[in-house]
Amino acid sequence: MHTVVERELELKLVLSPERSIPVPALLSYRTDDPYAVHITFHIGSDHPVNWTFARELLVEGVFRACGHGDVRVWPTKVAGRSVVLMALSSPDGDALLEAPAAQVSAWLERTLRAVPPGSEAEQLGIDDGLAELLAPTPGCHDELWLCDPWPSDESKDGE
């Protein structure tokens, strides 16, 4: 059974140092996708904007600047409030979003309780899947692997 950890909150889209607009967002974490966090921005259009990036990036970004390229995250203070800034870049444009640090941290704590750091691979069942894939099949003989499963054009009737 998979767990989903969600949190609705209002972010601010920073347009300039003096101006920002509110953006409702949904933070989502799923134990069946344990390395990722998902953020859905409701921007007043028919289609919300979805971003997915490493949970580890957001966890680190609450404490120190991190990331490069499309997603960068860092903590700061704005008017005496602790916030987390997220700079997102895509071919469609760039956005600087401000999130309340306490709310993001509380949500991240819930994700870390659901899947502790370092245990993400266990959620995916990769080791079990590999063991099953590599296990010998009962009744299967090695000599079957030596046979050509596709007869050549020169043989008659599959000989």
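See above for the structure.
My aim in this report is to walk through the structure given alongside it, one point at a time. As the structure is a prediction and not an experimental result, all values here were calculated from the model.

Rules used in this analysis
- Residues numbered from 1 in each chain as written.
- Predicted model: local features only at pLDDT ≥ 70, side-chain atom pairs only at ≥ 80, totals over all residues.
- Heavy atoms only, no water.
- Helix = DSSP H or I, 4+ residues; strand = E, 2+ residues; numbered from the N terminus.
- Buried < 20%, exposed > 50% of the residue type's maximum accessible area, 1.4 Å probe, protein only.
- Contact = heavy atoms within 4.5 Å.
- Pairing = 2+ DSSP bridges.
- Axes fitted to C-alpha atoms, helices over the stretch in contact; angles between N-to-C directions.
- Salt bridge = Lys/Arg side-chain N within 4 Å of Asp/Glu carboxyl O.
- Expected span 1.5 Å × (residues − 1).
- Arc of directions from axis to C-beta.

Tallying secondary structure elements over the protein chain gives five helices and eight strands in all. From first element to last, N terminus to C terminus, the protein chain shows the α and β order β-β-β-β-α-β-β-β-β-α-α-α-α. Sorting the 159 residues of the protein chain into buried and exposed places 28% on the buried side. If you take every contact in the protein chain between residues at least 6 apart in sequence, the share linking residues at least 24 apart comes to 35%.

Attention now moves to the sheet that holds strand S4 (residues 49-54). Pairing in this open sheet of eight strands is antiparallel, and the strands run S4-S3-S2-S1-S8-S7-S6-S5 from one edge to the other. Each of the sheet's edge strands pairs with one partner strand only, and the pair in question is S4 and strand S5 (66-68). Between one strand axis and the next, the sheet turns by 35 degrees as a mean value, whatever way the strands run. One ladder, built from 12 bridges, connects strand S1 (residues 4-16) with strand S2 (residues 19-30); its direction is antiparallel. Residue valine 4 lies in a different strand from S2, and its bridge partner there is arginine 30. Of the strands in this sheet, S1, S2, strand S3 (36-41), strand S7 (81-90) and strand S8 (93-100) are in contact with helix H2 (residues 101-114), which crosses S1 at around 150 degrees.

Our focus in this paragraph is the pattern of salt bridges. Applying the stated rule across the entire model yields four salt bridges. Residues glutamate 120 and arginine 55 are paired through a salt bridge, measuring 3.0 Å at the closest nitrogen-oxygen approach. With a gap of 65 residues between them, glutamate 120 in helix H3 (residues 120-124) and arginine 55 in helix H1 (residues 55-61) connect regions that are remote in the sequence. Linked by salt bridges that have partners in common, Arg30, Asp32 and Asp33 make up one network.

A separate point is the environment of glutamine 103. Mapped onto the elements, glutamine 103 comes out in helix H2. We classify glutamine 103 as partly exposed; its relative accessible area is 29%. As a C-alpha pair, glutamine 103 and glutamate 8 span 95 residues in sequence and 9.5 Å in three-dimensional space. In this structure, glutamine 103 is in contact with Arg7 and Leu9, ignoring residues within four places of it in sequence.

Phi at alanine 79 is positive, roughly 50 degrees, even though this residue is not glycine. Mapped onto the fold, alanine 79 is located in the loop between strand S6 (71-78) and S7. A relative accessible area of 78% means that alanine 79 is categorised as exposed.

This brings us to H2. Over its 14 residues, H2 extends 20 Å from the first C-alpha to the last, a length consistent with the 20 Å expected when each residue adds 1.5 Å. Buried within H2 we find Ala101, Val104, Trp107, Leu108, Thr111 and Leu112. Relative to the axis of H2, the buried residues are bounded by an arc of 145 degrees and lie together on one face. What points out from H2, more than 90 degrees from its buried face, is the exposed set Ala102 and Arg113. Contact partners of the buried residues in H2: S1, S2, S3, H1, S7 and S8.

Let's shift gears to the pairing of S7. In the sheet, S6 pairs with S7 via eight bridges, with the strands oriented antiparallel. In the strand pairing of S7, tryptophan 74 is matched with leucine 85. The sheet contact formed by S7 and S8 spans eight bridges and is antiparallel. The partner of serine 89 across the bridge, within S8, is aspartate 94. Counting the residues that bridge the hairpin from S7 to S8 gives two residues.

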